[in-house]
Amino acid sequence: MELNAKIPPGPLKDKWTYYKDHAKLVNPANRKKLDVIVVGTGLAGSSIASSLAEMGYHVTSFCFQDSARRAHSVAAQGGVNAAKNYKNDGDSTYRMFYDTIKGGDFRSREANVYRLAECSAQLIDQAVAQGVPFGREYGGYLNNRSFGGVQVSRTFYARGQTGQQLLLGAYQSLMRQVAAKTVSLFTRHEMLDVVLVDGKARGVIVRNLDTGEIERHTAHAVILASGGFGKIYYLSTLAMGCNASAIWRAHKKGAFMACPSWTQVHPTSLPQSGSYQSKLTLMSESLRNDGRIWVPLKPNESRKPNDIPEEERDYYLERRYPAFGNLAPRDISSRAAKERIDAGFGVGPQQNAVYLDFSKAIKEQGKPKIKEKYGNLFDMYHKITATDAYAEPMMISPAAHFSMGGLWVDYELMTTIPGLFALGEANFADHGANRLGANSLLQACVDGYFVAPYTVSNYLSGEIKEPRLEIDRQEFVDAEVAVRAHLSKLLSINGSKTADQYHKTLGKLLYDYCGLSRSKAGLLKAIGEIRELRKDFYENLKVSGDEDEMNGELEKAGRVSDYLEVAELMCQDALTREESCGAHFREEYQTPEGEALRNDEQFCFVSAWQYQGEDKEEILIPEPLTFENVELAVRSYK
Amino acid sequence: MKIYLKIWRQNDAGTPGKMVDYTLDNVIPHMSFLEMMDTLNEQLILAGDRPVEFDHDCREGICGQCGMMINGRAHGPVAHLTTCQLHMREFKDGDTIYIEPFRGKGFPIKRDLRVDRSAFDRIIMAGGFIAVNTGQAPEANGIPISHEDAESAFDSAACIGCGACVATCKNSSAALFTSAKVAHLAKLPQGEIESRKRVLAMVQQMDEEQFGHCTNTEACEVECPQSISVLNIARMNWEYALSSVTK
């Protein structure tokens, strides 16, 4: 099978315009006859649900949280990029496109990335119109800050709560449509399967998490905006409920997964303090604008950070990457931190952290200015660690954060199942092998507000004659039976280990062998151990309670059962990519200075994986990447 | 540390609940409060008992999903913190901790510590938005907004919708939650146009949801994790009075 990304013809800068001019439309009278299911109410889910509802389609929207406003987009801190060039510092759509392609280590599609940059300016307009209180200059105009991996200031922000404010804008738009009865919103509902009829996505099976009831819902198209699955590492910056279940179950129904092993490990998270720990809190990358990262020059240093004189500190990012310094991209910064920590220079009680120091910025700009920029982050740091970061450096450490990989989608954001779309972090599309800071909020919003409204309509134009389906059709009955069987199986094992115990073991395996650095031997070992763990899971899992009631443990067990399968594919994906690119660092492929060594001749493609059935090896189908507008360069931030 | 827990257990809204005693032997001061709850649940599951249901998700104080009354205070003994950000170092060896759900007429109990806060969503549905369609908004810098106004709007918009204000208030009033949205949108020129209609609709919905009136005890501000100011309530009352007169 050959993958067709459906890139429109014409020069790069005209492709999206060409698409919009030629996309098929559905007339307003017909839109009322068409239903769309949206799974997830984060930025991508809320924005597409409200956009489609405003157009006149009927939308059914699901989220597992108790309110749509709580989806994990809410936690993004630092900002959102847009090529507005308000700072007049040389920014442009092309430069943003180039930064993103380069940041992704030349492993994403030119046309997709250009579209992302092109729509970025519109997003800021949209958010401001919704009442998002972005930071402003004293003259009343919008302000910007810098983020990692670029040399211009193009990041818009609402203090350290940009994700929350953007999400509230999208959530409010969604609730406006719920009030208008154009969206039926089901909170505390989790998607457990997608239903195909005649090869097309026509509905979902969901579980009401408050009552345990299983429900069937039909539509003419299904959109998955279910976010990323970095929580597979157990300790991560993600919310406890973030999962791969929606996309994984779609994968098992025929949607290809692309580059699942490409996980961004964020350089500035709080370090782990003990085995009881449930999550790692992120400190926004924007802190690196004013904070300097260092470790002591002496290994196993025992002095307090403020007692270590300037000449005995190693500002290793400034040393290794003088052009970008503390603003080097995330993959590079995380790896550099790991290198120092592994070499014995780590700080903190577990020697697993590095310092992020604001003393110079405070000296130069004054404490009030720093407080205005990052006040809530310093407060958060104090709440968690009981340490005053105005007085001594923060301690930070790398943590699993963002899934660049996800469901393979074409230019229209449609998966390999007709009528099944994937938006936001749930898809693999724009970020390549490494995402630049402040591009995730952007991608989720651009997919939902500006891209999918056109592409979903284009698809629906061919479905006008399809009637609404009855939910007692055989396809829905079969899907529900399978879902119930899986839940009963999890409950019936009645062993001696909790879902969390399996999740923690799996997470540790992935951090060790499929995290910041990978090797053939390690990945092979991990695959063997994951298979053992999966077998053990179905023999010794313990879930209390019943199926037909609220049961948080059953939810967890279901998610972990999927993670145990996703993890194997991640390792398979990392094993077959015999090069280093972006977040994927294979120890066998590096330069003498320890930098990533890409292999464009053999690996300039997206790895799309096709499911073959339980316990069978998946088949790799490459989508070659062609670069007509940029030269494949060695990514240097020196 | 050894910690004694008294936790509210209730099967569903229709069944009476009660406080149940538990003891945890190996609590570490660095644990977060919810990690302590995880430890308890792990014990309960392995013993074949039903774990305590509680709401939580991001565990970094921003999603607003977690919330418990801890020793009678919303989100526990430290002011301006969510339950997930509370750490066991705030307690000492041998302490007894009382854990109850966020109570209020507008927040029916679902099970144990989980309550139904969908009333907040319905208040937003009533008018907590700017009626702009997606896709074709005007240039963002077209309307300059002073730095002070933008910052002030942000202060109101920072609400995370956790419901601590309701749980703390002796009247179970949702005035702080509702007023934060009213004020956020009224402070911005984009939102001002609809402000008259908005405040009337949101306040009416707030009343319909069985939340009590505000009697200015200001307890809500004391507990609010985002330190949302009661001045928002004053702003809402002013907007409401003005709208009632001019409608």
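So, how was this worked out
Residues numbered from 1 in each chain as written. Chains lettered and ligands numbered in written order. Predicted model: local features only at pLDDT ≥ 70, side-chain atom pairs only at ≥ 80, totals over all residues. Contact = placed C-beta atoms within 7 Å. Helix = DSSP H or I, 4+ residues; strand = E, 2+ residues; numbered from the N terminus. Nonpolar A, V, L, I, M, F, W, Y, C, P; charged D, E, K, R; others polar. Domains from an automatic or database assignment. UniProt positions renumbered as here; feature names shortened; annotations may be inferred. Buried ≥ 20, exposed ≤ 12 C-beta atoms within 10 Å, placed from the backbone. Pairing = 2+ DSSP bridges. Expected span 1.5 Å × (residues − 1). Axes fitted to C-alpha atoms, helices over the stretch in contact; angles between N-to-C directions. Parallel < 35°, antiparallel > 145°, perpendicular 65-115°, else oblique. Left-handed = near helix turned anticlockwise from the far one by under 90°. pLDDT = per-residue confidence, 0-100.

With respect to the interface of chain B and chain A
When the parts come together, some accessible area is lost, and that loss is often what is quoted as the size of the interface. At the junction of the two partners, chain B supplies 64 residues and chain A supplies 69 residues. When contributions to the side of chain B that touches chain A are tallied by element, the ones reaching two or more residues are helix 1 (33-46), strand 6 (109-111), helix 2 (118-125), helix 3 (147-157), helix 5 (175-186) and helix 6 (189-192) of chain B. Here the side of chain B that touches chain A takes seven residues from helix 1 of chain B, the largest share from any one element. A class-by-class count of the residues in the side of chain B that touches chain A yields 29 nonpolar, 19 polar and 16 charged.

A word on the domain arrangement of chain A
Residues and elements named next belong to chain A. The domains assigned to chain A are domain 1 (267-400) and domain 2 (486-624). Each of domain 1 and domain 2 has a C-alpha centre, and the two are 30 Å apart. Counting residues at the interface gives six residues for domain 1 and five residues for domain 2. If one sorts the elements of the side of domain 1 that touches domain 2 by residue count, helix 9 (residues 330-345) sits on top with five residues. When its residues are assigned to classes, the side of domain 1 that touches domain 2 shows one nonpolar, one polar and four charged.

Structural notes on the UniProt feature "domain: FAD-dependent oxidoreductase 2 FAD-binding" (unreviewed entry) in chain A
Within this numbering scheme, the UniProt entry marks residues 35-441 of chain A as carrying the feature "domain: FAD-dependent oxidoreductase 2 FAD-binding" (unreviewed entry). With 29% helix and 20% strand, the stretch residues 35-441 of chain A has end C-alpha atoms that lie 26 Å from each other.

Examining the domain arrangement of chain B
Residue and element names in this part refer to chain B. Per the domain assignment, the segments of chain B are domain 1 (3-106) and domain 2 (117-246). Taken together, the contact between domain 1 and domain 2 spans 18 residues of the former and 19 residues of the latter. Along the lines of polarity and charge, the residues of the side of domain 1 that touches domain 2 split into seven nonpolar, eight polar and three charged.

Things to note about the pairing of strand 6 (residues 189-197) of chain A
All names here are of chain A. Of all nine residues in strand 6, eight are buried, a share of seventy percent or more. Where strand 6 lies against strand 7 (residues 200-208), eight bridges are found, and the strand directions are antiparallel. Within the sheet, the bridge partner assigned to Glu 190 lies in strand 7 and is Arg 207.

Quick notes on helix 3 (residues 43-55) of chain A
Helix length check: helix 3 of chain A, at 13 residues, gives a terminal C-alpha distance of 18 Å against a target of 18 Å (1.5 Å per residue), a fit within 8%. Immediately downstream of helix 3 of chain A, the backbone of Gly56(A) shows phi near 120 degrees, a positive value.

Concerning the packing of helix 15 (residues 520-540) of chain A against helix 16 (residues 552-576) of chain A
Residue and element names in this part refer to chain A. Running from amino to carboxyl end, helix 15 crosses helix 16 at an angle of 165 degrees, the nearest separation of the two axes being 9 Å. The pairing of helix 15 with helix 16 is recorded here as roughly antiparallel in orientation. When you trace helix 15 past helix 16, the crossing you get is left-handed. Taking contact as the criterion, the partners of Lys 520, Leu 523, Ala 526, Ile 527, Ile 530, Arg 531, Leu 533, Arg 534 and Phe 537 in helix 15 are, on helix 16, Ser 561, Leu 564, Ala 567, Glu 568, Cys 571, Gln 572, Ala 574 and Leu 575.

Digging into the confidence of the model for chain B
Averaged over all residues, the pLDDT of chain B is 97; the fraction at 70 or higher stands at 100%. Across the assembled chains, the prediction reports ipTM 0.98 with pTM 0.97.

A look at the sheet that holds strand 7 of chain A
Pairing between sheet strands relies on hydrogen bonds along the backbone, with the strands arranged either parallel or antiparallel. Residue and element names in this part refer to chain A. Here three strands make up an open sheet; going across it, the order is 6-7-8 and the pairing antiparallel. In this open sheet, the two edge strands, each paired with only one partner strand, are strand 6 and strand 8 (214-218). Each strand of the sheet is rotated relative to its neighbour by a mean of 25 degrees, with strand direction disregarded. As judged from the five bridges shared by strand 7 and strand 8, these two strands associate in the antiparallel manner. Its bridge partner lying in strand 8, Ile 205 is registered against Arg 216.

Thoughts on the pairing of strand 2 (residues 18-24) of chain B
Residue and element names in this part refer to chain B. The buried fraction of strand 2 amounts to zero of the seven residues, a small share that puts the element mostly on the outside. The pairing of strand 1 (residues 3-9) with strand 2 spans seven bridges and is classified as antiparallel. Residue pairing in the sheet places Arg 9 in a bridge with Lys 18 of strand 2.

Comments concerning the sheet that holds strand 2 (residues 58-62) of chain A
All names here are of chain A. Strand order in this open sheet of five strands is 5-2-1-9-17, and the pairing throughout is parallel. Strands with a single pairing partner mark the edges of an open sheet, and in this sheet they are strand 5 (183-186) and strand 17 (420-422). Going across the sheet, the axis of each strand differs from the next one's by a mean of 15 degrees, ignoring polarity. Summarising the sheet, strand 2 and strand 5 pair through four bridges and their orientation is parallel. What sits directly across from Phe 62, in strand 5, is Phe 186.

What about the environment of Leu52(A)?
Residue and element names in this part refer to chain A. Among the secondary structure elements, Leu 52 is positioned in helix 3. Accessibility expressed as a C-beta count within 10 Å gives 30 for Leu 52, which makes it buried. With 286 residues separating them in the primary sequence, Leu 52 and Lys 338 have C-alpha atoms 44 Å apart.

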